[in-house]
Amino acid sequence: MRKEWRRVLDAATNSMTWVRTTIAPPELEAPAERYFVVTSTLPFDMTDDALYPTTLDEFVQVVVEEGAVATHSEHNDLPETTTLNLDTAANNSVCIELGFHPIEDVERASRTLMGTRVSPWLTQQLVDLADQPFTAKYVALLSLLKANIDHGHVKFRLYRHHLYDESMHMLQSLQPNVLCTRTRIELLGEAGIDAGGLQREWYTLFTQAVFEPSAGLFVATDSYGYTLNPSSTCRSDLEKFRAVGRLLARSILDEQVLPFHLTVPLFKMILGTPLSMTDMLYMDKQMYTSLKFVQSTMDVDGLCLDFSVAVEGGGVVELVPHGQNIMVTAANQAEYVQRMLQYLLFDRIQVQLQSLLTGLFEVHMMIYRIHVVLVYIFCFTNE
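Everything quoted here is computed from the prediction, not taken from an experiment.

## Some words on the packing of helix 4 (residues 163-172) against helix 6 (residues 235-253)
- Running from N to C, helix 4 and helix 6 cross one another at 85°; their axes reach a closest spacing of 9 Å. When the axis of helix 4 is compared with that of helix 6, the two are roughly perpendicular. Judged by residue contacts, Tyr164, Met168, Leu171 and Gln172 of helix 4 engage Glu239, Lys240, Ala243, Arg246, Leu247 and Arg250 from helix 6.
- Tallied by class, the residues present in the contact of helix 4 with helix 6 amount to 5 nonpolar, 1 polar and 4 charged.

## Some thoughts on the pairing of strand 2 (residues 15-20)
- When strand 1 (residues 5-10) meets strand 2, the two strands line up antiparallel, connected through 6 bridges. Residue pairing across strands places Arg6 opposite Val19, the latter belonging to strand 2.
- Linking two consecutive strands that pair antiparallel, namely strand 1 and strand 2, is a turn of 4 residues; a positive phi of about 55° is found at Asn14 within it.

## Let's talk about the pattern of salt bridges
- For the structure on display, the rule yields 7 salt bridges.
- Of the charged contacts, one joins Arg157 and Glu186 as a salt bridge, the two residues approaching to 2.8 Å between their closest N and O atoms. Of this pair, Arg157 sits in strand 5 (residues 153-158) while Glu186 sits in strand 6 (residues 182-187), and the two are 29 residues apart along the sequence.
- Among the ionic pairs, Lys268 bridges to Asp279, the shortest N-O distance being 2.9 Å. Here Asp279 lies in the loop between helix 7 (264-271) and helix 8 (285-296) and Lys268 lies in helix 7, a separation of 11 residues in the sequence.

## Quick notes on helix 8
- For helix 8, with 12 residues, the first-to-last C-alpha span of 17 Å sits near the 16 Å given by 1.5 Å per residue.
- Taken as a whole, helix 8 has its buried residues at Tyr288, Leu291 and Val294. Taken end-on, helix 8 shows its buried residues confined to a sector of 130°, consistent with a single buried face. In helix 8, the exposed positions angled more than 90 degrees off the buried face are occupied by Gln286 and Thr289.
- Those residues of helix 8 hidden inside the fold are in contact with helix 9 (333-345).

## Examining the packing of helix 4 against helix 5 (residues 197-210)
- Put simply, helix 4 and helix 5 touch, their axes get as near as 10 Å, and they point 95° apart. Compared by their axis directions, helix 4 and helix 5 come out roughly perpendicular. Only Trp202, Leu205, Phe206, Ala209 and Val210 of helix 5 make contact with helix 4, whose side of the interface consists of Leu163, Tyr164, Ser167, Met168 and Leu171.
- Here the contact of helix 4 with helix 5 is composed, by residue class, of 9 nonpolar, 1 polar and no charged.

## Section: the packing of aromatic side chains
- Throughout the structure, instances matching the rule amount to 11 aromatic pairs.
- Aromatic pair Trp202 and Tyr203: ring centres 4.8 Å apart, planes at 65°, arrangement edge-to-face.
- Looking at Trp202, the relative accessible area reads 3%, which means it is buried.
- Ring geometry for Phe307 against Tyr336: centres 5.5 Å apart, planes inclined by 85°, an arrangement best described as edge-to-face. On the criterion of sequence distance, the pair formed by Phe307 in the loop between helix 8 and strand 9 (308-310) and Tyr336 in helix 9 is long-range, its members being 29 residues apart. Grouping residues by exposure puts Phe307 and Tyr336 together as buried.

## Some details on the environment of Leu262
- Considering the arrangement of structural elements, one finds Leu262 in the loop between helix 6 and helix 7.
- Leu262 gets classed as partly exposed once you look at its relative accessible area, which sits at 23%.
- Counting along the chain gives 37 residues from Leu262 to Gly225, while the straight-line C-alpha distance between them is 4.9 Å.
- In contact with Leu262, not counting residues within four places along its chain, are Phe211, Phe218, Gly225, Tyr226 and Ile270.

Reading guide: rules and limits
Residues numbered from 1 in each chain as written. Predicted model: local features only at pLDDT ≥ 70, side-chain atom pairs only at ≥ 80, totals over all residues. Heavy atoms only, no water. Axes fitted to C-alpha atoms, helices over the stretch in contact; angles between N-to-C directions. Helix = DSSP H or I, 4+ residues; strand = E, 2+ residues; numbered from the N terminus. Parallel < 35°, antiparallel > 145°, perpendicular 65-115°, else oblique. Contact = heavy atoms within 4.5 Å. Nonpolar A, V, L, I, M, F, W, Y, C, P; charged D, E, K, R; others polar. Pairing = 2+ DSSP bridges. Salt bridge = Lys/Arg side-chain N within 4 Å of Asp/Glu carboxyl O. Expected span 1.5 Å × (residues − 1). Buried < 20%, exposed > 50% of the residue type's maximum accessible area, 1.4 Å probe, protein only. Arc of directions from axis to C-beta. Phe/Tyr/Trp six-rings, centres within 6.5 Å; stacked < 30°, edge-to-face > 60°.

Pasting the structure below:
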């Protein structure tokens, strides 16, 4: 159901609205199906200028760039790096605050994940481009990239056997003025000049390392795709998610195809398209079956459920205040299903998603501000 929805222009109101383009099979369509959108919680009157850096002085320094050499000891210790300060960067970089909203709030179809409203002049161009085949959309994106990207590049010099740690540090520590540049790679101790092959190898090796279970950032789902690890919420993990967002954005600049697949619900949240209970099929088929049963049963009292959910490590998360003391009854049955769906799809990975999107958008917004990002989000939704 990845192509289930698209944004269209409502001629009567001259604004964007959601239209469902495909219908789920009857056996998958839950009764009284509700739809939700992950989108910005920032004020509607926020201007574009509020989303862009106003000063570069507070940002960390570039760790490795053209003309610099990483310093290693004879024991091959990692080079000293400056980790990106999330508190400092927040005042000068992209501001991402997301919420889980009912689709009935149709005005949100005109908003981006950064809280800005789509300008009327751009809306029609995006609608026209959305009707083109994927190859035409991709060519349009590459044309905009080549016309606006900084013609310089950043060179990462690193050792193959420290590739994951060094690459993560370097991505975290890039200055804003070099975020939107091409990538060049030098593997220390190995012969070779990067004419494209080393760059491609680096993207492959680093991406594979990022998605390894031992990295703790992503977990595999029932649909053989990856989603964000709900347990990775510490500060160092969030800095890594931000670096992964930068990796995804820079892979577009470098025209690299990465060897992994995100699960459909996560991809929808990145694009800001509607979600429903059916999306749980891609995350956890057993949980989907359980939620569907809870939604349709006539004897929900007999299940002895309350508004809380047990988590790994023996903890409990309350879906509403004092949720452990609120039993699920026929009167609040629908609300329980909605709260559980919100927790499973969004709440437990909200901070991770915000960090990843921050890294993604701060790279792209450095060159063509919000416009190409909008093309990427709005026009690639159906592919």
